[in-house]
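These are the residues of each chain, in order.
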Amino acid sequence: MEETRRPRSLGALADTKKEADDVVVALAGNPNTGKSTVFNQLTGLRQHTGNWPGKTVASARGRYVHRGQEFTVIDLPGTYSLLANSVEEEIARDFICSGSPQTTVVVTDATCLERNLNLALQIMEITTQVVVCVNLLDEAKRKQISVDLAKLAELLGVPVVGTNARDGKGLTELKDTIYQVARGQINPRPYPLTYDEPLEAALAQLLPLLQPKIADGNRARWLALRLLEQGAVGDYGESNPELEQKLQEVISYLQAQQIDREQLRDRMVSCLVRQAEKIAKQVVSFGKADYNSLDRNIDKIVTSRLFGIPIMLTLLGLAFWITIVGANYPSQLIFNFFFAIEGRLTRLFMHYGWPDFLHGLLVLGVYRTLAWVISVMLPPMAIFFPLFTLLEDLGYLPRIAFNLDHYFKKACAHGKQALTMCMGFGCNAAGVSACRIIDSPRERIIAIVTNNFVPCNGRFPLLIALSSIFFVTGTSLGSSFARALLILSLIVSSVLITFVVSRLLSQTVLKGLPTSFALELPPYRKPQLGRILLRSLLDRTIFVLARAVVVAAPAGALVWLMANLSVGSGTLLAHTANWLHPFAQLIGLDGYILLAFILGLPANEIVIPIVLMSYAQTGTLIDFSNLAELRTILIQNGWTWLTALCTMLFSLNHWPCGTTLLTIRNETQSNKWTILSLLVPTVTGFVLCFLVAQGVRLLGLV
Amino acid sequence: MSMCKQMVSLADLPLGQKGIVCELKARNQVQRRLLDLGLITDTVVEALCQSPAGDPTAYQIRGAVIALRREEASNILVQLAESPYSKSWRAVNGRN
């Protein structure tokens, strides 16, 4: 008989082809236990970490060498249990069952051990090759919680290692222990969990039929339990009439005692929870009863009726304000730097007598677009992203979800959608992936389709640039506040649009009622400032910027070519823009802006640079010596505050970028939802800009 | 279960008060989620705080803080564990 089911829905895990002699190590654990940090410390990789449950949505893998042995580490999605049948749990369970990992490390949170032991006990039922890692010891110490690791190892029957992964404490010991378990130098002997009387009697009936085939006693018990749970032998093995008959006998026996399948599951879970409670009582001691009082008091304020929403808006506004004030000066510096180089490049071309065509394409096309992208986009990104990561690291994001859940419920959506929207601020593609934390398929699709309403880091600088050019000029403190307020109100409007569209979707194509909701509010954690700066700069900002640069270079070349290839009476660029113009004007834009949005499909960052490029190529070449001249250029090309407003609105509401669309296709495996995700924000944008543009013109405001 | 005295649904547990889980009335997936959170009978639960709109509510459950919507919480019946504020509860308890 096949011992276990083949792994299903493993995705990337299915092709975990290990390198020749690698030992495969699986990392399992509850969400928010610092599992990703352990993973990063083991492998030296830089998986993005954050203080909210469900952050690891895709399984990461990495490698390391210890004592001459090579290890492949698989970071499984964080789960509370392996019994509730969510996608994540199935992935984790199937991978552990598949027998691929030679060692499974269960990462647990020392400050909340009891809850974490539930999963550890379930995993120890499946495999004996378990190492329990008790992480976050420093935090536990600060809360005066102490864990008797030796006693825990004794009670569980598996090796236990205490770590504080953030600063690498205990990692060598963890590696040693993994090595020893994988090499058979330590043989963990997990104590089998004892269930209550009728269940044990049922198991005793089934085990003799399973045991000859499965040497490992614990594993046989686990399999027997799953058979009882499933109510049939089914796909747990090839047909075995004897086993099937016995199973049905046992099930009738249980039913005679008023234990149906539902009851059976409840009892299993109850036994696990009680066992975890029993063990935790013996190994965990609390120095003070109210160890969480600080967190509770903070929560009372940040979620209060009076201050909850205002604090949320203030924090967000503050992040915008710091970005606006901070980005201005470096933008100018970078701008000056790049355009000084442009002058030199031009002289170089002239000096060597290289053809004008090449100079135009490379310097005026590619180089200038790149310079725009970097000087306009980099500073706001480099400031906003770390600020946002700071809020994430603190553990504030789940509180946002908590505060907003009521409104999501009204929109028949899931409160965790707020978390995925927060991720969208960084990158909509990341936001779409994060939607996996939403269990219900219907609500997950809603979150995916509407994620693009939140402006990502790539669109955000456009809002900053245009707001400071057209709405609140000046450099005073007051004007920077006003700018932050303007952007804040745009963001609030896009959140409102998200609610409205979510509600519309749940009344039409995604009909249904809100399903169950449980959101963990993790303890606040002291953010690691240095790491935040480094990580968000290196991993995110540079990554996003690199992508923009890759896209901007050919786009710059294309715009230059279009501007310099004449067809009939005008250039190709002018023809295309003129063709788009009547339509673009209806929605308050012009042909060049709409064209820039279309060319910006691969990356939103290039929209404003492409607009500027186009203007520079069509009119007389303006020598931009100052960023403030941006305003002059735009106004010379017919921009009014209405154009700026519509451009900002259209930036907030238009098709998702190429990467996001691909991610949506991947996540939903459906063309229908991908197309809907493209149409919903696009139509919203057209309608909104049309109404604003026509309304303002009708009222004669411009 | 009749052995529970003064039962209320978890959704009606006043903030700051503790309750002991007596019974779970949910079915299927919802029931499993609740059990996975450690909400089995005899578990002590404390209502901590409410979101600005009054729903969901955050509860302390086995060392973790979990927010549940009213719909979920009303599936859980709890017995008031201690009530430092309410004299009437003591009176009721005394009579039982």
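Procedures and definitions
Each chain has its residues counted from 1, following the order in which its sequence is written. All chains are assigned letters beginning with A, and all ligands numbers beginning with 1, in the order in which they are written. Reporting in this predicted model follows two pLDDT cut-offs: at least 70 for local features of residues, and 80 or more for side-chain atom pairs to be given and counted; totals over whole chains, interfaces and linings ignore these cut-offs and use all residues. Neither water nor hydrogens contribute to the side-chain values; these are computed over all heavy atoms in the structure. Helix numbering and strand numbering both begin at the N terminus, where a helix is a DSSP run of H or I of at least 4 residues and a strand a DSSP run of E of at least 2. Think of it in three bands: residues with accessible area under 20% of the maximum for their type are buried, residues over 50% are exposed, and the middle band is partly exposed, with areas taken using a 1.4 Å probe on protein chains only. The criterion used for residue contact is that any of the two residues' heavy atoms lie within 4.5 Å. The Shrake-Rupley method, run with a 1.4 Å probe, gives the accessible areas here. Residue values count only the displayed protein chains as cover. For helices, the axis comes from a line fit to the C-alpha atoms of the stretch in contact; other axes are also lines fit to C-alpha atoms, and the angle between any two N-to-C directions lies between 0 and 180 degrees. Orientation labels follow simple angle bins: below 35 degrees gives roughly parallel, above 145 gives roughly antiparallel, 65 to 115 gives roughly perpendicular, and whatever is left gives oblique. Each crossing is labelled by how the near helix is turned from the far one, with a counterclockwise turn of less than a right angle marking it left-handed and a clockwise turn marking it right-handed. Charged means Asp, Glu, Lys or Arg here, nonpolar means Ala, Val, Leu, Ile, Met, Phe, Trp, Tyr, Cys or Pro, and polar covers whatever is left, Gly included. Note on pairing: two strands pair once DSSP finds at least 2 bridges between them. As a per-residue quantity, pLDDT reports the predictor's confidence and falls between 0 and 100. Buried area: the sum, over both parts, of the accessible surface (1.4 Å probe) that disappears when the two are put together. A pair is scored as a salt bridge if a Lys or Arg side-chain nitrogen falls within 4 Å of a carboxyl oxygen belonging to Asp or Glu. Within 3.5 Å is the distance limit for a polar contact, defined as a pair of N or O atoms, with the added protein rule that one can donate a hydrogen and the other accept it, and that residues adjacent in sequence qualify only through two side-chain atoms. In this text, buried Ala, Val, Leu, Ile, Met, Phe, Trp, Tyr and Cys residues form a nonpolar core when linked through side-chain atoms within 4.5 Å. Every patch collects residues that have over 30% relative accessible area and no salt bridge, joining them within 9 Å if they carry like charges and within 5 Å if they are nonpolar side chains (Val, Leu, Ile, Met, Phe, Trp, Tyr). Ring pairs shown here join Phe, Tyr and Trp side chains whose ring centres sit within 6.5 Å, with only the six-membered ring taken for Trp; geometry is labelled stacked below 30 degrees between planes, edge-to-face above 60, and tilted in between. To sit over a ring, a charge needs its Lys NZ or Arg CZ within 6 Å of the ring centre and within 35 degrees of the ring normal.

**Q** How would you sum up the overall build of chain B? Please name residues and give values.
**A** Each helix and strand counted, chain B has 3 helices and 6 strands in total. For chain B, the α and β elements follow one another from N to C terminus as β-β-α-β-β-β-α-β-α. Considering chain B as a whole, with its 96 residues, one finds that 54% of them fall into the buried category. At a minimum sequence separation of 6, the contacts of chain B that also span at least 24 residues come to 61%. Taken as a whole, chain B presents about 4100 Å² of accessible surface, with 48% of it coming from carbon and sulfur.

**Q** Got a sec to walk through the packing of helix α12 (residues 308-352) of chain A against helix α19 (residues 477-507) of chain A? Specific residues and values, please.
**A** All names here are of chain A. Where α12 meets α19, the closest approach of the two axes is 8 Å, and the angle between their N-to-C directions is 125 degrees. Taken together, the axes of α12 and α19 lie oblique to each other. The chirality of how α12 crosses α19 is right-handed. Taken together, the residues of α19 that come into contact with α12 (itself represented by L313, L316, G317, F320, W321, I324 and V325) are L477, S480, F481, R483, A484, I487, L488, I491 and V492. Within the contact of α12 with α19, the residues separate by chemical class into 13 nonpolar, 2 polar and 1 charged.

**Q** Explain the sheet that holds strand β5 (residues 130-135) of chain A residue by residue, including any values.
**A** All names here are of chain A. Strand order in the open sheet formed by 6 strands is β2-β3-β1-β4-β5-β7, and the pairing between neighbours is mixed. Unpaired on one side and paired on the other, β2 (60-66) and β7 (160-162) mark the two borders of the sheet. Taking the axes of each pair of neighbouring strands and ignoring which way they run, one obtains an average angle of 25 degrees across the sheet. Direction of pairing for β5 relative to β7: parallel, over a ladder of 3 bridges. Within β7, the residue paired with C133 across the bridge is V161. Contacts between helix α3 (residues 113-126) and the sheet are confined to β1 (23-29), β4 (103-109) and β5, with β4 contributing the most and set at about 165 degrees to the helix. Packed on one face of the sheet, helix α5 (residues 149-156) meets β5 and β7 and runs near 155 degrees to β7.

**Q** Account for the confidence of the model for chain B, with residues named and values stated.
**A** Residue and element names in this part refer to chain B. Per-chain confidence: chain B averages 81 in pLDDT, with 79% of residues scoring 70 or above. A low-confidence stretch, residues 86-96 stays under pLDDT 50, and its non-local contacts, those more than four residues away or across chains, total 9 contacts. Across the predicted assembly, pTM comes out at 0.85 and ipTM at 0.85.

**Q** Requested: an account of the pairing of β1 of chain A, with residues and values cited.
**A** As a general feature of sheets, a regular strand has side chains that alternate between the two faces. Residues and elements named next belong to chain A. Across the 7 residues that make up β1, a large majority, 7, are buried. Burial of β1 is two-sided: the residues V23, V25, L27 and G29 facing one way and the residues V24, A26 and A28 facing the other way are all buried. By the bridge criterion, 5 bridges tie β1 to strand β3 (residues 69-75) in an arrangement that is parallel. Opposite V23, over in β3, you have F71 as the bridge partner.

**Q** Please set out the interface of chain A and chain B residue by residue, giving values where relevant.
**A** Facing the 48 residues of chain A at the interface are 36 residues of chain B. Of the roughly 3500 Å² buried between chain A and chain B, counting both surfaces, carbon and sulfur atoms make up 49%. Taken as a group, R115, E262 and F402 of chain A account for 16% of the area that chain A buries against chain B, more than any other trio of residues on that side. At the boundary of chain A with chain B, the tally comes to 6 salt bridges. D55 of chain B is the partner of K409 of chain A in a salt bridge, and the nearest nitrogen-oxygen pair spans 2.5 Å. For the interface between chain A and chain B, the tally reads 14 residue pairs in polar contact (both at pLDDT 80 or more).

**Q** Describe the environment of K281 of chain A, and please don't skip the residues or the numbers.
**A** Within the fold, K281 of chain A resides in helix α10 (residues 261-283). Here the alpha-carbon distance between K281 of chain A and G326 of chain A, two residues 45 residues apart in the chain, equals 51 Å.

**Q** Before we move on, could you go through the pattern of salt bridges and cite the residues and values that matter?
**A** Per the counting criterion, the structure on display carries 28 salt bridges over all chains. For E277 of chain A, the salt bridge goes to R62 of chain B, with nearest N and O atoms at 3.2 Å. Linking E277 of chain A in helix α10 with R62 of chain B in the loop between β4 (57-61) and β5 (64-68), this pair reaches from one chain into another. For E277 of chain A, a relative accessible area of 22% gives the class partly exposed.

**Q** Hey, could you go over helix α22 (residues 591-599) of chain A for me, with residue numbers and the actual values?
**A** All names here are of chain A. For α22, the buried fraction is high: 8 of the 9 residues fall into the buried class. Turning to α22, its buried residues number three or more, namely G591, Y592, I593, L594, L595, A596, F597 and L599. Sitting at the head of α22, D590 places a side-chain oxygen 2.9 Å from the backbone nitrogen of Y592.

**Q** For the side chain of R69 of chain B, give the residues involved together with the corresponding values.
**A** Summarising the element assignment, R69 of chain B is placed in the loop between β5 and α2 (70-73). The buried category is assigned to R69 of chain B, whose relative accessible area is 2%. A polar contact of 2.8 Å, which involves the side chain of R69 of chain B, links it to the side chain of D405 of chain A.

**Q** Tell me about the nonpolar core, and name the residues and values.
**A** The nonpolar side chains of soluble globular proteins are, as a tendency, buried together. In terms of nonpolar packing, the biggest core is built from 134 residues, with F320, L634 and W639 of chain A touching the most fellow members. With 16 residues, helix α13 (residues 356-394) of chain A is the single largest residue contributor to this core.

**Q** For the confidence of the model for chain A, give the residues involved together with the corresponding values.
**A** In low-pLDDT regions, the fine details of the predicted coordinates are not to be read closely. When pLDDT is averaged along chain A, the result is 85; 92% of the residues meet or exceed 70. A low-confidence stretch, residues 1-18 of chain A stays under pLDDT 50, and its non-local contacts, those more than four residues away or across chains, total 42 contacts.

**Q** Explain the environment of L404 of chain A residue by residue, including any values.
**A** All names here are of chain A. Along the chain, L404 falls in helix α14 (residues 397-410). For L404, a relative accessible area of 12% corresponds to the buried category. Measuring from C-alpha to C-alpha, the distance between L404 and R531 comes to 29 Å, with 127 residues separating the pair along the chain.

**Q** Which residues make up a nonpolar patch on the surface, and what values go with them?
**A** Residues and elements named next belong to chain A. A contiguous nonpolar surface patch, about 770 Å² in accessible area, is contributed by F583, L586, I675, L678, L679, V683, V687, F690 and L691. When contributions to the nonpolar patch are tallied by element, the ones reaching two or more residues are α21 (572-586) and α27 (671-698). Considering every element that reaches the nonpolar patch, the biggest residue donor is α27, with 7 residues. Within the secondary structure, L678 is located in helix α27. The exposure class assigned to L678 is partly exposed, which follows from its relative accessible area of 31%.

**Q** Quick one: what's the story with the packing of aromatic side chains, residue by residue and with numbers?
**A** Residue and element names in this part refer to chain A. The full count for this structure, using the stated rule, is 26 aromatic pairs over all chains. Measuring from ring centre to ring centre gives 4.8 Å for W321 and F481, while their planes differ by 5 degrees; the resulting arrangement is stacked. Placement of the pair is W321 in helix α12 and F481 in helix α19, with a sequence separation of 160 residues. When its relative accessible area of 43% is taken as the criterion, F481 is described as partly exposed. Among the aromatic residues, those joined into a ring-pair cluster are F320, F384, F388, F425 and F460. The cationic tip of R399 hangs over the ring face of Y524; the distance from NZ or CZ to the ring centre is 4.0 Å. Cation over ring: R631 sits above F470, and NZ or CZ is 6.0 Å from the ring centre.

**Q** Outline the side chain of S375 of chain A, listing residues and values.
**A** All names here are of chain A. Note on placement: S375 falls in helix α13. A relative accessible area of 0% means that S375 is categorised as buried. A polar contact is formed between the side chain of S375 and the backbone oxygen of A371, at a distance of 2.7 Å.

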